[in-house]
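# Survey of secondary and tertiary structure
The primary structure of each chain is shown beneath.
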There are 2 protein chains.
Amino acid sequence: QKAGRLFSGLLAMNVVFLGSAFISSMIFNHVAITLADVWILLSILKVLCLCWLIYYLLGTSRQPHAVLYRDSHAGPIWIRGSVLLFGSFSILLNVFQIGYSAILIQCKSRVEIVFPSIEILFICTQAFFLWHHSKDCVQVQHNFTRCGLMLTIATNLLLWLLAVTNDTIHVEMESQLREVEQRLSGKAPFSHPCLSNDTTSCTCPNTTLCKVFQKGYILLYPFNTEFCLVCCSVLYVMWKNVGRRISHHHVPHIKPKFKLQGVVFGPLLGVIAIISGICVFMVYQVQATGSTASRQVFVMYYSYYVVLLPLMSMGAVIGTIIHALEKRELDTLKNPTRSLDAILLMGAALGQIGMSYFSIVAIVATDPRDLLNSLILSQSVLLIFQNITQNVFIIDGLHRQPFVAATEARHTGHAGQHAVASELPGEEETTTSSKQEHTPMPPGKEEEMKEEEIREAHDQRSVSMLELGQEIRKVSISYIQSYSHLSWKRRVLREISFFLVLCNIILWVMPTFGAHPVFENGLEKSFYGYSTWFAIVNFGLPLAVFYRMHSVGGLLEVYVTA
Amino acid sequence: QKAGRLFSGLLAMNVVFLGSAFISSMIFNHVAITLADVWILLSILKVLCLCWLIYYLLGTSRQPHAVLYRDSHAGPIWIRGSVLLFGSFSILLNVFQIGYSAILIQCKSRVEIVFPSIEILFICTQAFFLWHHSKDCVQVQHNFTRCGLMLTIATNLLLWLLAVTNDTIHVEMESQLREVEQRLSGKAPFSHPCLSNDTTSCTCPNTTLCKVFQKGYILLYPFNTEFCLVCCSVLYVMWKNVGRRISHHHVPHIKPKFKLQGVVFGPLLGVIAIISGICVFMVYQVQATGSTASRQVFVMYYSYYVVLLPLMSMGAVIGTIIHALEKRELDTLKNPTRSLDAILLMGAALGQIGMSYFSIVAIVATDPRDLLNSLILSQSVLLIFQNITQNVFIIDGLHRQPFVAATEARHTGHAGQHAVASELPGEEETTTSSKQEHTPMPPGKEEEMKEEEIREAHDQRSVSMLELGQEIRKVSISYIQSYSHLSWKRRVLREISFFLVLCNIILWVMPTFGAHPVFENGLEKSFYGYSTWFAIVNFGLPLAVFYRMHSVGGLLEVYVTA
């Protein structure tokens, strides 16, 4: 097992390094290595991944005993939903690109239609694969599956890297263009380097269709980067789950459903935050994309942050305190999904925190008493604080047993001691689950049915009826007691997490769709120099955006389990 | 426990980010933030660390029951030895700096004598602390100790960062100076930015002492960076060990001693490699520091690598195969030192591998058929291959049970099943070990005595005498059998690892003391552009150097346990 992991990891590492060297070469030496070279490399990788994906779908997963266990924590519905959502936007993006290239076919090469087609195929297959198989714990062809998964992860990472560097080139161009006072205002924002190289010779004819393709391309671009990262995280969990055997004690807690009942203030405050955020964003975008970005618009933008962030931090702190008060049992079972979530949250927060510290040093060293500067300073400090408190709150929340399951788990815990001898998976389960694999199944319902089946079988075998009755009585009493006692705490937790979800959504939307005041205010840019600050933002901003998206997911889980 | 770890980790993260922002600001904006500001920040951190270190030495560690357990894997002798070695060189470095500043006192401020003095104090205390306490598993004041350790780690990391950026500034200056055709050849290589700013106004008077200080400073500089990294790794293991309870089953394997007997070819080949390496290095340094670095010297340098690297890779591959053949039991116990070793090896190798891939892309895109270029290309490919095979070999080797202990462990494993009930630490051990903590002890001997004591006590309690006799007979028979059978394998493993140790030493020495052909050959520099390639080397080279040093340690351990 170790050897397989090591080997597949090394494979991925080499692919990623080779690809990043290619991409960097393209950025720093346009002549020797062109975007077309990079696209060829990536297309080869995509085709390899496609072959493996199709082989997995048709071959590996249909073998007898291939998928005996399914990790109930892996690929929760919100992750798979965002895979589908971002995937479909990415497909749309590629369709736009094909359309754009087709209109300008006289000055573009044919390959610019071929590459997006491969991309579309890759996205479709991958989304299908992740929707149906993200919970699999594969038991056959371990090493081959590991290598395939790692290759797909590496390809996605490279696509992300290319998209990010492209995106930043976009920012760079925009700001440079603005500096030339928009003499070329007709064709300003289109960003694809290969296309924008060409725009000098072939501009978009003034048809509506062409404009729609251009605008849509720019608008949909951020979703593509998110899609790659989300796929990476799901694939990584699958990779960790290859060959894993899950003892059936872990399975049986009923997943709590998402309900909106009982929360009032959270949604209310959150909606207010979103609406005012959208207003600020609109005003900012209109003003900032105009030729002169005035001071006032920055003051407004940063004031919004300075008001919102303390509320969010306070919410997270109160939530953490309530977590501590509740003294609910911690879920300490092995769970790759959760560890990855925690690592991703921490890692992605580093991007924002790093940028904030750079801002702080720059401002303190120049002039912290200016109004705008003091606003930026407090925003930076608050961002750090907010990121940290929110991370603590989410990670704390993820490690707690879901409420209903808490009592349940105590019960199965008792039962487990009696059942140690009969722990190995019985034959009934093997057949039911492998049978279930043969028919491509509608994901939601059958899974739950299967889980219940397993639980029933387990209970029947392991606990004698008498004990079971006693346990149930005990459990139900403690349930009622704790429910009446914890009621207000649970409600507050739900209010807080709902509020935080909405706030994170608006904080995700603003930088995703183009508000980059950290670049446009010019303060840090003049302090660190253009290219340095550009590199810092280049590293930090995509991570910050990913962080917001990922914490929405984490907070939803906290909300549901509260 | 989780909370304490999280909190101390966050503390360290914030300190590191603040410090790196400071250091970057200094690099990119010399005016607003000077080196003096950074030194003030670092001195504050050092003083804080000093306070904690002294408090730990005098307070925490002397409390009753403070150190009940000691992790026998942590802080092996070669690590502690290198702490002492690099520490003393670093002290010497600071003495030189003080001396230099004292000579030029008329044009320097007093603080340039104060800062190195604090540094000396910090290094001394830290080295003393690590020598005596690196094995501690602290059981009191968990959170305070964790924060102290993390603060010290953060400070060391920042010192390393400053040293690395300084070191690269050194390289940059040297190469820029060479480009100006050495008009200023009298005062060329001195590198400290703060000093080199001043050298325009105050040059070193032509006394021998001043020259010695200059040269010594340049020569000793690399040791300082290594010292910081080694301290970080030891401190990290201590941090992981805070609050850890080690069940006494894990302790009793006798540490195999380092013996030179029975190896011939490894040392022989290794010494040949070292001698020829030193010759190549000398010629290279003489030629390359001259005004015209000729092609021939690069050809010679790269040829040396192209000859040596395949030998090393072959050795590592053969070693890995022998490991697989031997089927020795794997040591799967929890062991923070070993996991850190594996991570550090993998992480540090990334620096070298990244650089190599960038070289490969640059060469393939320009002209791979040229003699020098094809040499660089093959060197890069071979370096990647060598790094990976060596990592696999070392990590494989670290996970095997030491030879003597393998049989021993099987024996205690049997015994362990009988002894589960009496596993918790008895009172005798508590008192003996805490007694031992009160007297500051000479490290080597008493530790071994203690381990034996514990083992004896454990054996007496847990295994009845009759069983013990049978076990011993069985063990000794299997020992003799396996020894006669494995003899040639073990010898080959020792030959290989000794050879690799010597090779890694020479590959460590060459870049450490100034041979940077990757920068001086000009190929990648012209391909990627000066500043980009500079940043890549800046990231990769210190890691590559650290990798060589760290693999020497790992290989020594493989040698000893083979």
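Reading the values: rules and limits
- Residues numbered from 1 in each chain as written.
- Chains lettered and ligands numbered in written order.
- Predicted model: local features only at pLDDT ≥ 70, side-chain atom pairs only at ≥ 80, totals over all residues.
- Heavy atoms only, no water.
- UniProt positions renumbered as here; feature names shortened; annotations may be inferred.
- Helix = DSSP H or I, 4+ residues; strand = E, 2+ residues; numbered from the N terminus.
- Contact = heavy atoms within 4.5 Å.
- Areas by Shrake-Rupley, 256 points an atom, 1.4 Å probe, with all protein chains shown as cover.
- Buried area = accessible area lost by both parts, 1.4 Å probe.
- Polar contact = N/O pair within 3.5 Å; in protein donor to acceptor, adjacent residues only side chain to side chain.
- Nonpolar A, V, L, I, M, F, W, Y, C, P; charged D, E, K, R; others polar.
- Domains from an automatic or database assignment.
- Salt bridge = Lys/Arg side-chain N within 4 Å of Asp/Glu carboxyl O.
- Expected span 1.5 Å × (residues − 1).
- Buried < 20%, exposed > 50% of the residue type's maximum accessible area, 1.4 Å probe, protein only.
- Patch = residues over 30% accessible without salt bridge, like charges linked within 9 Å, V, L, I, M, F, W, Y side chains within 5 Å.
- Least-squares fit on C-alpha atoms with pLDDT ≥ 70 in both.
- Axes fitted to C-alpha atoms, helices over the stretch in contact; angles between N-to-C directions.
- Parallel < 35°, antiparallel > 145°, perpendicular 65-115°, else oblique.
- Left-handed = near helix turned anticlockwise from the far one by under 90°.
- pLDDT = per-residue confidence, 0-100.

- As annotated in an unreviewed UniProt entry, chain A is Otopetrin-3 from Tauraco erythrolophus.
- According to the UniProt record, the Subcellular location (unreviewed entry) comment for chain A is "Cell membrane".
- Per its UniProt entry, chain A bears the Sequence similarities (unreviewed entry) comment "Belongs to the otopetrin family."

### Some thoughts on the overall build of chain A
- When helices and strands are tallied, chain A shows 18 helices and two strands.
- Pairs at least 24 residues apart make up 89% of the contacts formed inside chain A by residues separated by at least 6 positions.
- Of the roughly 24,600 Å² of accessible surface on chain A, 68% is carried by carbon and sulfur atoms.

### A closer look at the interface of chain B and chain A
- Between chain B and chain A, the contact holds 31 residues from the first and 31 residues from the second.
- Buried surface at the junction of chain B and chain A, both sides included, amounts to about 2,800 Å², of which 80% is carbon and sulfur.
- Remark: the boundary between chain B and chain A carries four residue pairs in polar contact (both at pLDDT 80 or more).
- Only α1 (2-28), α10 (336-366), α11 (371-398) and α17 (523-528) of chain B provide two or more residues apiece to the side of chain B that touches chain A.
- Here the element with the most residues in the side of chain B that touches chain A is α1 of chain B; it accounts for 13 residues.
- A breakdown of the residues in the side of chain B that touches chain A according to their chemical character gives 22 nonpolar, eight polar and one charged.

### Remarks on the domain arrangement of chain A
All names here are of chain A.
- Partitioning chain A into structural domains gives domain 1 (1-184 + 204-248) and domain 2 (262-403 + 458-561).
- With 28 residues of domain 1 in contact, the opposing surface of domain 2 contributes 28 residues.
- Contact between domain 1 and domain 2 buries roughly 2,500 Å² in total, counting both sides, with carbon and sulfur atoms accounting for 67%.
- Taken together, the links from domain 1 to domain 2 amount to zero salt bridges.
- Our count for the contact surface shared by domain 1 and domain 2 stands at one residue pair in polar contact (both at pLDDT 80 or more).
- Counting only elements with at least two residues in the side of domain 1 that touches domain 2, the list comes to α3 (77-103), α5 (142-179) and α7 (208-241).
- Ranked by residue count, the leading element in the side of domain 1 that touches domain 2 is α7, at 11 residues.
- Taken together, the residues of the side of domain 1 that touches domain 2 sort by class into 14 nonpolar, seven polar and seven charged.

### Details of helix α11 (residues 371-398) of chain A
Residues and elements named next belong to chain A.
- Taking 1.5 Å as the rise per residue, α11 with 28 residues should run 40 Å; its terminal C-alpha atoms sit 40 Å apart, in good agreement.
- Along α11, 22 of the 28 residues are buried, which leaves the element largely enclosed by surrounding structure.
- A distance of 3.4 Å separates the backbone nitrogen of Leu-372 from a side-chain oxygen at the start of α11, and that oxygen is part of Asp-370.

### Things to note about a nonpolar patch on the surface
Residues and elements named next belong to chain A.
- Taken together, Val-317, Ile-321, Leu-325, Phe-385 and Trp-488 make up a surface patch of nonpolar side chains, about 490 Å² in accessible area.
- When residues in the nonpolar patch are grouped by element, the largest group, three residues, is from helix α9 (residues 295-326).
- In this structure, Leu-325 sits in helix α9.

### Let's talk about the relation of the copies chain B and chain A
- Superposing chain B onto chain A takes a rotation of 180° combined with a translation of 0.0 Å along the rotation axis, leaving an RMSD of 0.0 Å. Taken together, the turn and the small shift mark the pair as related by a two-fold rotation axis. Relative to the rotation axis, the C-alpha of Ser-531 of chain B is the closest in chain B, positioned 5.2 Å from it.
- Mapped onto chain A, 100% of the interface residues of chain B again fall at the interface, so both copies present the same surface.

### A word on the packing of helix α7 (residues 208-241) of chain B against α10 of chain B
Residue and element names in this part refer to chain B.
- Interaxial distance between α7 and α10 falls to 10 Å at its minimum, and their mutual angle equals 140°. Put simply, α7 runs oblique to α10. Crossing hand, α7 versus α10: right-handed. Packed against α7, whose contacting residues are Ser-233, Tyr-236, Val-237, Lys-240 and Asn-241, the element α10 presents Pro-336, Thr-337, Leu-340 and Leu-344 at the interface.
- In the contact of α7 with α10, the residues fall into five nonpolar, three polar and one charged.

### Topic: the pattern of salt bridges
- All told, the structure shown has eight salt bridges over all chains when counted by the stated rule.
- Of the charged contacts in the structure, one is a salt bridge between Glu-119 of chain A and Lys-46 of chain A, with a shortest N-O distance of 2.5 Å. Of the two residues, Glu-119 of chain A sits in helix α4 (residues 111-133) while Lys-46 of chain A sits in helix α2 (residues 35-58), which places them 73 residues apart along the sequence.
- On the basis of relative accessible area, Lys-46 of chain A is assigned to the buried category, the value being 0%.
- Arg-70 of chain B serves as the salt-bridge partner of Asp-136 of chain B, at 2.8 Å between the closest nitrogen and oxygen. With Asp-136 of chain B in strand β2 (residues 136-137) and Arg-70 of chain B in strand β1 (residues 69-70), the pair connects residues that are 66 residues apart, well separated along the chain.
- For Asp-136 of chain B, a relative accessible area of 0% puts it in the buried group.
- For Arg-70 of chain B, a relative accessible area of 12% translates into the label buried.

### A few points about the confidence of the model for chain A
Residue and element names in this part refer to chain A.
- Averaged over chain A, the pLDDT score is 78; the fraction of residues at 70 or greater is 74%.
- Low confidence marks residues 180-201, where pLDDT is under 50. Its contacts with residues over four positions away, or in another chain, come to 39 contacts.
- Segment residues 405-449: pLDDT under 50, and 56 contacts once partners within four positions in sequence are set aside and those in other chains are kept.
- Two numbers describe this predicted complex: its pTM, 0.74, and its ipTM, 0.71.

### So, unusual backbone geometry
- Of note, the phi angle at His-65 of chain A is positive, near 65°, even though the residue is not glycine.
- Considering the arrangement of structural elements, one finds His-65 of chain A in the loop between α2 and β1 (69-70).

### As for the packing of α10 of chain B against α11 of chain B
Residue and element names in this part refer to chain B.
- For the pair α10 and α11, the least separation of the axes is 9 Å and the interaxial angle reads 165°. The angle between α10 and α11 places the two elements in the roughly antiparallel class. Note on packing geometry: the crossing formed by α10 with α11 is left-handed.
- A per-class count over the contact of α10 with α11 returns 18 nonpolar, eight polar and two charged.

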